[in-house]
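Summary of structural features
Residue-level listing of the chains:
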Amino acid sequence: MRVFIGLGNPGPRYVLTRHNVGFLFIDEMLKSSEILKSYDTKLYQAYIVNFHSCDHMLLVKPMTYMNLSGIAVKKICEKFGIESTKEIIIVYDDVWLPLGKIRIRKDGSDGGHNGVKSIIEELHSISFPRLRIGIGPKPEGDLVNYVLDEFSDDELNLLWKVLKVSLEAAKDLCENDIVKVMSRYNSLEVS
């Protein structure tokens, strides 16, 4: 089973903010998938779906708010018996990447992202794959206001194209070795 966990903040205030591209990714994945069974609890929302060639996939939108994402991720792993962190793929925004680029990694540090930091703390591991979606360039001013601000119309048009490419990368991650998928998508730039 593959577990795609999109990071974001719940509630209408945050829907189209830069910090919610992980949630938007999960929403787009759900639109293109047949839902088999859904789960809903106070701490997270999870959906088990068939998606192209994946036998089963768990799609997760943690409802703990970004900075406490690790609590929900740990509970999901426990509830569904996910023993290896290599089965999960965290999808989130990255201010270090320009809008139009994605980056897939096998593991690594939190890169200053509080949601990823929380996951590392709760799982006691940096060894989980990530799909980072660029929202940069990183601003000179207040980072918090930037990531919690909504995309402009032009940025949204580009983001929908990026999310489509991200879904193709997700399908590839179900079918192929992560190194091969990294070489295919990490150099792409959507325009």
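Residues numbered from 1 in each chain as written. Predicted model: local features only at pLDDT ≥ 70, side-chain atom pairs only at ≥ 80, totals over all residues. Heavy atoms only, no water.

A few points about the packing of helix 2 (residues 69–79) against helix 3 (residues 114–123)
Which entries qualify depends on this criterion: Fitted lines through C-alpha atoms give the axes, limited to the stretch in contact for helices. The angle between two N-to-C directions lies from 0 to 180 degrees. Labels follow the DSSP assignment, with helices taken as runs of H or I lasting at least four residues and strands as runs of E lasting at least two, numbered in each case from the N terminus. Should an angle lie under 35 degrees it is considered roughly parallel, over 145 roughly antiparallel, and from 65 to 115 roughly perpendicular; all remaining angles are considered oblique. If you view the pair so one helix is near and one far, a crossing is left-handed when the near helix is turned anticlockwise from the far one by less than a right angle, and right-handed when it is turned clockwise. Should any heavy atoms of two residues lie within 4.5 Å, those residues are counted as being in contact. Ten residue types, Ala, Val, Leu, Ile, Met, Phe, Trp, Tyr, Cys and Pro, are classed as nonpolar, four, Asp, Glu, Lys and Arg, as charged, and the remainder, Gly among them, as polar.
The interhelical angle for the contact between helix 2 and helix 3, taken along N-to-C directions, is 45°, at an axis separation of 7 Å. Taken together, the axes of helix 2 and helix 3 are oblique relative to one another. Crossing angle aside, the handedness with which helix 2 passes helix 3 is right-handed. On helix 3, the residues that touch S69, G70, I71, V73, K74 and C77 of helix 2 are G115, S118, I119, E122 and L123. Considered class by class, the residues forming the contact of helix 2 with helix 3 number 5 nonpolar, 4 polar and 2 charged.

Here's the deal with the nonpolar core
Stated formally: Put simply, a nonpolar core is a bunch of buried Ala, Val, Leu, Ile, Met, Phe, Trp, Tyr and Cys residues held in one set by side-chain atoms that sit within 4.5 Å of each other. Three labels apply to residues, based on accessible area from a 1.4 Å probe with only protein chains included: buried if under 20% of the type maximum, exposed if over 50%, partly exposed otherwise in between.
Among the nonpolar cores identified, the biggest contains 35 residues, and F4, F25, L131, I133 and L159 are the most heavily contacted of them. Sort the elements by how many residues they give to this core and helix 5 (residues 153–175) lands first, with 10 residues. L7, A46, C77 and L123 belong to the second-largest nonpolar core, a separate cluster that totals 22 residues.

Things to note about the environment of R105
Rules: Here a polar contact means two N or O atoms within 3.5 Å. Within protein one must be a hydrogen donor candidate and the other an acceptor candidate, and residues neighboring in sequence count only if both atoms are side-chain atoms.
Examined against the element boundaries, R105 turns out to sit in strand 6 (residues 102–105). C-alpha separation for the pair R105 and N157, spaced 52 residues apart in sequence, amounts to 25 Å. R105 has contacts with F128, P129, R130, R132, I178 and M182, leaving out every residue within four places of it along the chain. Within the local environment of R105, its side chain forms a polar contact with the backbone oxygen of D107, the two atoms lying 3.3 Å apart.

Considering the side chain of S69
On the secondary structure map, S69 appears in helix 2. Its relative accessible area of 1% is what places S69 among the buried residues. In this structure S69 touches L7, T64, G115, S118 and I119, once residues within four positions along its chain are discounted.

Overview of the pairing of strand 6
For clarity, the cut-off: Here a strand pair is declared whenever DSSP counts at least two bridges between the two strands.
Judged by which residues are buried, strand 6 turns out to be one-sided: I102 and I104 face inward and are buried, whereas R103 and R105, on the alternate face, are not. In this structure, strand 6 lies alongside strand 7 (residues 130–136), joined through 4 bridges in antiparallel fashion. Pairing of R103 across the sheet is with R132, part of strand 7.

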